[in-house]
Amino acid sequence: RAPRSAGRAAAMAAPLKRCLLRRRDGREQHGVAASCLRELRDKASVILAIDKAREPITLVLAEDGTIVDDEDYFLCLPANTKFVALAKNEKWSSKSLDSGTAWLSESGDEVDSGAEKWKQLARQLKDDLSNIILMSEADLQVLTDVPHSDLAEELAQSQTKIQVLQDTLQQVLDRREEERQSRQLLELYLEALKNEDGILSKVAESETVPRKEMDVVDTGTSSAGPSAKTALSDQILAALKEKPAPELCLDSQDLELVLKEDTQALALALRWDKQKAEALQQACDQELSKRLQQVQTLHSLRSTSKGKKTLPWGDYPGLSSKRKK
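Criteria and cut-off values
- Residues numbered from 1 in each chain as written.
- Predicted model: local features only at pLDDT ≥ 70, side-chain atom pairs only at ≥ 80, totals over all residues.
- Heavy atoms only, no water.
- Helix = DSSP H or I, 4+ residues; strand = E, 2+ residues; numbered from the N terminus.
- Contact = heavy atoms within 4.5 Å.
- Salt bridge = Lys/Arg side-chain N within 4 Å of Asp/Glu carboxyl O.
- Buried < 20%, exposed > 50% of the residue type's maximum accessible area, 1.4 Å probe, protein only.
- Polar contact = N/O pair within 3.5 Å; in protein donor to acceptor, adjacent residues only side chain to side chain.
- Disulfide = S-S within 2.5 Å.
- Phe/Tyr/Trp six-rings, centres within 6.5 Å; stacked < 30°, edge-to-face > 60°.
- Lys NZ or Arg CZ within 6 Å of the ring centre and 35° of its normal.
- Pairing = 2+ DSSP bridges.
- Axes fitted to C-alpha atoms, helices over the stretch in contact; angles between N-to-C directions.
- Core = buried A, V, L, I, M, F, W, Y, C linked by side-chain atoms within 4.5 Å.

A. Focus on the overall build of the chain. Looking only at helices and strands, one finds 12 helices and 4 strands in the chain. For the chain, restricting intrachain contacts to residue pairs at least 6 apart in sequence, the fraction spanning at least 24 positions comes to 64%.

So, in structure tokens, the structure goes:
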């Protein structure tokens, strides 16, 4: 009896997260409260009347089709996140009616998605301020550039608090840029050491008996090879290929997509060798783990604070470094 009562107490203590559910081909959405990903799947099966023969159910984000199969990632999602429940052998498609953009247009009035993007991002912060950590650099910049008055009205806060918020957003951008520059300096240093070792080895080889030239092994970087099939968007691939330390500029959902991508397919898509693609995925994994750990830390501090009051804007650990011009 003791273990059962302890399990029930733990389940009751787990906070409930508000979610919105719908089927792949349906337009009707259902509000659900669940404490974990498993509970959300079970409720989706019942509420959406999915046949047992068509299980297991896969939950994806309605916005971009990201598969949500990790409990920690589920806990980091903001309240009222929209999910699409996919039955066995079903696939999410951005062109179908079940995409996240279809839900956003249910109001009937068509609006420019670029102009309204900052409002969507602002709502994420309104649900949970720790979402700052999970955003991409582009999203952070969008919120930083919004006029104080507009953002204050959207978040129902004073302009003084909005100024603190935007300063915090800029601090996150500055910190990522500083980290990027530090990594670039380290890479240049390591490359210089590598080149120096290469020169010394060539000098040593020239003093020995000449060897037969070896054929160059194709590492799969040739542009003449077949194009790789990858689920990553052109925007993500461009960032991975062109941006220094690209894991710092992507949001957490994009990092998740990069991690789930096949390494060989990723290498072919970027025209890199497999070793470089593996190093990229490791960097993305480390960055995503760091962000999720920061979010969990903030949630722990918030839940243990007296009266469960949220931390004031600008006082979040790791976000209070001095802004550098």
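That was the structure; now back to the text.
B. Region of interest: the pattern of salt bridges. Scanning all chains against the criterion turns up 13 salt bridges. The partner of Arg183 in a salt bridge is Glu179, and the shortest N-O contact between them spans 2.6 Å. One end of the pair is Arg183 and the other is Glu179, both in helix H8 (residues 159-206) and 4 residues apart, which spans about a single turn. On the basis of relative accessible area, Glu179 is assigned to the partly exposed category, the value being 23%. Of the charged contacts, one joins Lys290 and Glu179 as a salt bridge, the two residues approaching to 3.3 Å between their closest N and O atoms. Here Lys290 is found in helix H12 (residues 274-304), whereas its partner Glu179 is found in helix H8, with 111 residues between them in sequence.

C. How the structure looks around unusual backbone geometry. Positive phi, normally seen in glycine, also occurs at Ala156, with a value near 55 degrees. On the basis of relative accessible area, Ala156 is assigned to the exposed category, the value being 60%.

D. Structural view of the side chain of Thr144. Tracing the backbone through its elements, the reader meets Thr144 in helix H6 (residues 137-145). Take Thr144: its relative accessible area is 16%, and that puts it in the buried class. At 2.7 Å, the side chain of Thr144 forms a polar contact with the backbone oxygen of Leu140. Excluding anything up to four places from it in sequence, Thr144 contacts Gln166, Leu169, Gln170 and Leu173.

E. Broad picture of the state of the cysteines. Counted by the stated rule, this structure contains 0 disulfides. Lacking any disulfide linkage, Cys284 is separated from the closest cysteine sulfur, that of Cys249, by 9.1 Å.

F. Quick peek at the packing of aromatic side chains. Counting across every chain of the model gives 1 aromatic pair. A centroid spacing of 6.3 Å and a plane angle of 40 degrees characterise the contact between Phe74 and Phe83, whose relative ring orientation is tilted. The positively charged end of Lys276 is found above the aromatic ring belonging to Trp272, 4.3 Å away from the centroid.

G. Highlighting the sheet that holds strand E1 (residues 17-23). The strand order across the open sheet formed by 4 strands is E2-E1-E4-E3, and the pairing between neighbours is mixed. This sheet does not close on itself; its edge strands, each paired only once, are strand E2 (30-34) and strand E3 (58-61). Each strand axis lies, on average, 40 degrees off the axis of its neighbour in the sheet, ignoring direction. In this fold helix H2 (residues 37-47) packs onto E1, E2, E3 and strand E4 (81-86), with an angle of close to 145 degrees to the strand it touches most, E2.

H. Highlighting the nonpolar core. Ranked by size, the top nonpolar core spans 23 residues in total, and within it Leu232, Leu240, Leu250, Val258, Leu266, Leu270 and Leu280 carry the most contacts. Looking at this core, the elements that each hand over two or more residues are helix H9 (234-242), helix H10 (252-260), helix H11 (263-270) and H12. Sort the elements by how many residues they give to this core and H12 lands first, with 7 residues. Excluding anything up to four places from it in sequence, Leu240 contacts Leu232, Pro246, Leu250, Val258, Leu266, Leu270, Trp272 and Leu280. Ala34, Ile50, Leu59 and Leu77 belong to the second largest nonpolar core, which has 19 residues in total.

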